[in-house]
Amino acid sequence: MEAHAQLHAVASEVLPRAYAPYSQHPVAAAALDTAGVIHTGVNIENASYGVTLCAECSLISSWRLNAGAELTHLVCLNAAREYITPCGRCRQLLYEHAPVTLSIATQHGPITLGELLPMAFGPENL
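Description of the structure in this document. Being a predicted model, the structure only gives us computed values, none of them experimental.

**With respect to the sheet that holds strand β5 (residues 111–112)**
Taken in spatial order, the five strands of this open sheet run β2-β1-β3-β4-β5, and their pairing is mixed. Both edges of this open sheet fall to β2 (38–42) and β5, since each of them pairs with a single strand only. Bridge analysis of strand β3 (residues 71–77) against strand β4 (residues 103–104) gives two bridges, and the strand direction is parallel. Counted as the bridge partner of L74 is I104 from β4. Where helix α2 (residues 55–65) meets the sheet, its contacts fall on β1 (28–33), β2 and β3, and the angle it forms with β2 comes to roughly 140°.

As structure tokens, this is what we get:
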């Protein structure tokens, strides 16, 4: 099974675990690393909105906690299980923790993180 299709199936499985009572916009993310391990995350909203965790944030937290290998593929899904792209905050988070070659599934086909976030600002700019 192609990596993005496999990740779509896994993200679909965890989507019901999202906690989105305020926006009614559950999101799930799944990523594959070079060791063949799949990491997942879901959005977790909060009544104060600003401290809401995006699905990609919870995925990166879990990946770091489990000493994941380099990420290679990423899928983010909405409630209809359609591909969506990470928000701006999550693009920045991914840029700091994944290679620019990370393949991200979109409704128009896969693109790299470098294509999604051109001329990114990162640690090398400090």
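**A word on the packing of aromatic side chains**
Under the defined criterion, the tally for this structure stands at one aromatic pair. Where Y22 meets Y49, the ring centres are 5.9 Å apart and the plane angle is 80°; that geometry is what we call edge-to-face. One end of the pair, Y22, is in the loop between α1 (3–14) and β1; the other, Y49, is in the loop between β2 and α2, with 27 residues separating them in the sequence. Taking relative accessible area as the criterion, Y22 reaches 39% and is therefore assigned partly exposed.

**Description of α1**
With 12 residues, α1 should reach 16 Å at 1.5 Å per residue; the first-to-last C-alpha distance of 17 Å fits that figure. Within the span of α1, buried status applies to A3, H4, L7, V10, A11, S12 and V14. Near the N-terminus of α1, the side chain that reaches the backbone nitrogen of H4, with its oxygen 3.1 Å away, is that of E2.

**A short note on the pairing of β2**
Where β1 and β2 come together, five bridges link them in antiparallel fashion. Bridge assignment links A28 to a residue of β2, and that residue is V42. Counting the residues in the hairpin turn of β1 and β2 gives four residues, including G36, whose phi is positive at 85°.

**Structural notes on the nonpolar core**
Here is a general trend for soluble globular proteins: nonpolar side chains tend to be buried in one another's company. Formed by 19 residues in total, the largest nonpolar core has its most connected members in L71, L74, L102 and L113. Of all the elements in the fold, those that place two or more residues in this core are β1, α2, β3, α3 (88–97) and α4 (113–116). The greatest single-element share of this core, amounting to four residues, is contributed by α2. When residues no more than four places from it in sequence are discounted, the contact partners of L113 are R91, L94, Y95, A98, P99, V100, L102 and I104. Counting 14 residues, the second largest nonpolar core, distinct from the first, contains V14, L15, A30 and A105.

**Let's talk about unusual backbone geometry**
With phi around 60°, Q24 is a residue other than glycine that occupies positive phi space. Examined against the element boundaries, Q24 turns out to sit in the loop between α1 and β1. Since its relative accessible area comes to 59%, Q24 is described here as exposed.

**A few points about the side chain of D33**
Turning to its location among the elements, D33 is positioned in strand β1. A polar atom in the side chain of D33 sits 2.9 Å from the backbone nitrogen of A35. Among all residues touching D33, those that are not within four sequence positions of it are H39, W63, G68, A69, E70, L71 and T72.

**Quick word on α2**
Residues of α2 that are buried include every one of A55, E56, C57, S58, L59, I60 and W63, and no others. Where α2 is buried, its residues touch β1, β2, β3 and α3. Downstream of α2 by one or two residues, A67 has phi in the positive range, about 50°.

Conventions adopted
Residues numbered from 1 in each chain as written. Predicted model: local features only at pLDDT ≥ 70, side-chain atom pairs only at ≥ 80, totals over all residues. Heavy atoms only, no water. Pairing = 2+ DSSP bridges. Helix = DSSP H or I, 4+ residues; strand = E, 2+ residues; numbered from the N terminus. Contact = heavy atoms within 4.5 Å. Axes fitted to C-alpha atoms, helices over the stretch in contact; angles between N-to-C directions. Phe/Tyr/Trp six-rings, centres within 6.5 Å; stacked < 30°, edge-to-face > 60°. Buried < 20%, exposed > 50% of the residue type's maximum accessible area, 1.4 Å probe, protein only. Expected span 1.5 Å × (residues − 1). Polar contact = N/O pair within 3.5 Å; in protein donor to acceptor, adjacent residues only side chain to side chain. Core = buried A, V, L, I, M, F, W, Y, C linked by side-chain atoms within 4.5 Å.

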